[in-house]
Amino acid sequence: MDVNELYENLKEDVRRYARSVAKHAYEADDLVQDAFIKAMKEPQLSQWPLHKQKAWFFRVIKNRLIDITRREKRLLPWDDDLDATLLSVPNLEMETTEWLGRLPQSQSDIVFKRYWLGMSSQEIGDQLGLPAATVRYKLQAAIKKLRTYWEEDMK
């Protein structure tokens, strides 16, 4: 049995399960696709009994959804309200420079390189000798501090 036959035998059950755990239909379709891509790399999967195949697919979908959820939690959402307010603030460039000056030098450099020079976290990390994940973490911490400074100044 190849992956095509496996897909034909399990597609309804796998889709139904993915749609029950995902928030959106397109997200469920992505989970199903990821699971079948992973199935192509598991040659012994087609030798298993049907109930074990289903369990394997359900586990892969659940684990992938957990990975996606964790990644989304790490990403810092940018508030649209904050964008609109920042656009209406007079002397924004001077205040932004002042806020950056209040940050530690390492965080200030990372924010400057990311948002003014447009460098990626990988490029910044290569330049500073840091892993890209550390750069993203420091950038997130710096943005939180900048948001705090902005909120203090707006009061």
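Residues numbered from 1 in each chain as written. Predicted model: local features only at pLDDT ≥ 70, side-chain atom pairs only at ≥ 80, totals over all residues. Heavy atoms only, no water.

1. A look at the overall build of the protein
At step 1: Scanning the protein from N- to C-terminus turns up 8 helices and 0 strands.
At step 2: Mapped from its N terminus to its C terminus, the protein presents α and β elements in the order α-α-α-α-α-α-α-α.
At step 3: Taking all 155 residues of the protein together, the buried fraction comes to 30%.
At step 4: Of the contacts made within the protein by residues no fewer than 6 positions apart, 60% connect residues no fewer than 24 positions apart.
At step 5: When the accessible surface of the protein is summed, it comes to about 10,700 Å², and 53% of that surface belongs to carbon and sulfur atoms. (Helix = DSSP H or I, 4+ residues; strand = E, 2+ residues; numbered from the N terminus. Buried < 20%, exposed > 50% of the residue type's maximum accessible area, 1.4 Å probe, protein only. Contact = heavy atoms within 4.5 Å. Areas by Shrake-Rupley, 256 points an atom, 1.4 Å probe, with all protein chains shown as cover.)

2. So, the packing of aromatic side chains
At step 1: By the definition in use, this model includes 4 aromatic pairs.
At step 2: Residues phenylalanine 36 and phenylalanine 57 carry aromatic rings whose centres are separated by 4.5 Å and whose planes lie at 40° to one another, so their mutual orientation is tilted. You can see phenylalanine 36 sitting in helix 2 (residues 25–40) and its partner phenylalanine 57 sitting in helix 3 (residues 50–74), a full 21 residues away along the chain.
At step 3: Between the aromatic rings of tryptophan 56 and phenylalanine 57, the centroid separation amounts to 5.1 Å while the plane-to-plane angle is 90°, which identifies the pairing as edge-to-face. With respect to burial, tryptophan 56 and phenylalanine 57 carry one shared label: buried.
At step 4: Members of the aromatic cluster, each reached through a chain of ring pairs, are Phe36, Trp56 and Phe57.
At step 5: When the ring centre of tyrosine 115 is taken as origin, the NZ or CZ atom of arginine 114, which lies over that ring, is 5.6 Å away. (Phe/Tyr/Trp six-rings, centres within 6.5 Å; stacked < 30°, edge-to-face > 60°. Lys NZ or Arg CZ within 6 Å of the ring centre and 35° of its normal.)

3. A word on the UniProt feature "domain: HTH luxR-type" (unreviewed entry) in the protein
At step 1: Feature annotation in UniProt assigns "domain: HTH luxR-type" (unreviewed entry) to the following positions: residues 118–145.
At step 2: Between the C-alpha atoms that bound residues 118–145 there is a distance of 20 Å. The span itself is 79% helix and 0% strand. (UniProt positions renumbered as here; feature names shortened; annotations may be inferred.)

4. Looking at the pattern of salt bridges
At step 1: The final tally for this structure, using the stated rule, is 5 salt bridges.
At step 2: The closest approach of N and O atoms between lysine 54 and aspartate 13, which form a salt bridge, is 2.8 Å. Placement of the pair is lysine 54 in helix 3 and aspartate 13 in helix 1 (residues 3–21), with a sequence separation of 41 residues.
At step 3: For lysine 54, a relative accessible area of 25% gives the class partly exposed. (Salt bridge = Lys/Arg side-chain N within 4 Å of Asp/Glu carboxyl O.)

5. Section: helix 8 (residues 132–154)
For the α-helix, the turn length of 3.6 residues means that residues three or four positions removed from each other point alike.
At step 1: Helix length check: helix 8 (23 residues) gives 33 Å between terminal C-alpha atoms against 33 Å at 1.5 Å per residue, within 8%.
At step 2: What helix 8 keeps buried is the set Ala132, Val135, Leu139, Ala142, Ile143, Leu146, Arg147, Tyr149 and Trp150. (Expected span 1.5 Å × (residues − 1).)

6. Some remarks on the nonpolar core
As a rule of thumb, soluble globular proteins bury nonpolar side chains together.
At step 1: If you look at the biggest cluster of nonpolar residues, it comprises 18 residues, and the most contacted ones within it are Val14 and Phe57.
At step 2: Among the secondary structure elements, those contributing two or more residues to this core are helix 1, helix 2 and helix 3.
At step 3: Excluding residues within four positions of it along the chain, phenylalanine 57 makes contact with Leu6, Leu10, Val14, Ala35, Phe36, Ala39 and Leu45.
At step 4: Trp99, Ile110, Ala142 and Trp150 belong to the second-largest nonpolar core, a separate cluster that totals 14 residues. (Core = buried A, V, L, I, M, F, W, Y, C linked by side-chain atoms within 4.5 Å.)

7. Focus on the packing of helix 6 (residues 105–115) against helix 8
At step 1: Relative orientation of the contacting elements helix 6 and helix 8 amounts to 100°, with a least axis distance of 9 Å. When the interaxial angle is binned, helix 6 and helix 8 end up roughly perpendicular. Judged by residue contacts, Ser106, Gln107, Ile110, Val111, Arg114 and Tyr115 of helix 6 engage Val135, Lys138, Leu139, Ala141, Ala142, Ile143, Lys145 and Leu146 from helix 8.
At step 2: Partitioned by chemical class, the residues of the contact of helix 6 with helix 8 number 9 nonpolar, 2 polar and 3 charged. (Axes fitted to C-alpha atoms, helices over the stretch in contact; angles between N-to-C directions. Parallel < 35°, antiparallel > 145°, perpendicular 65-115°, else oblique. Nonpolar A, V, L, I, M, F, W, Y, C, P; charged D, E, K, R; others polar.)

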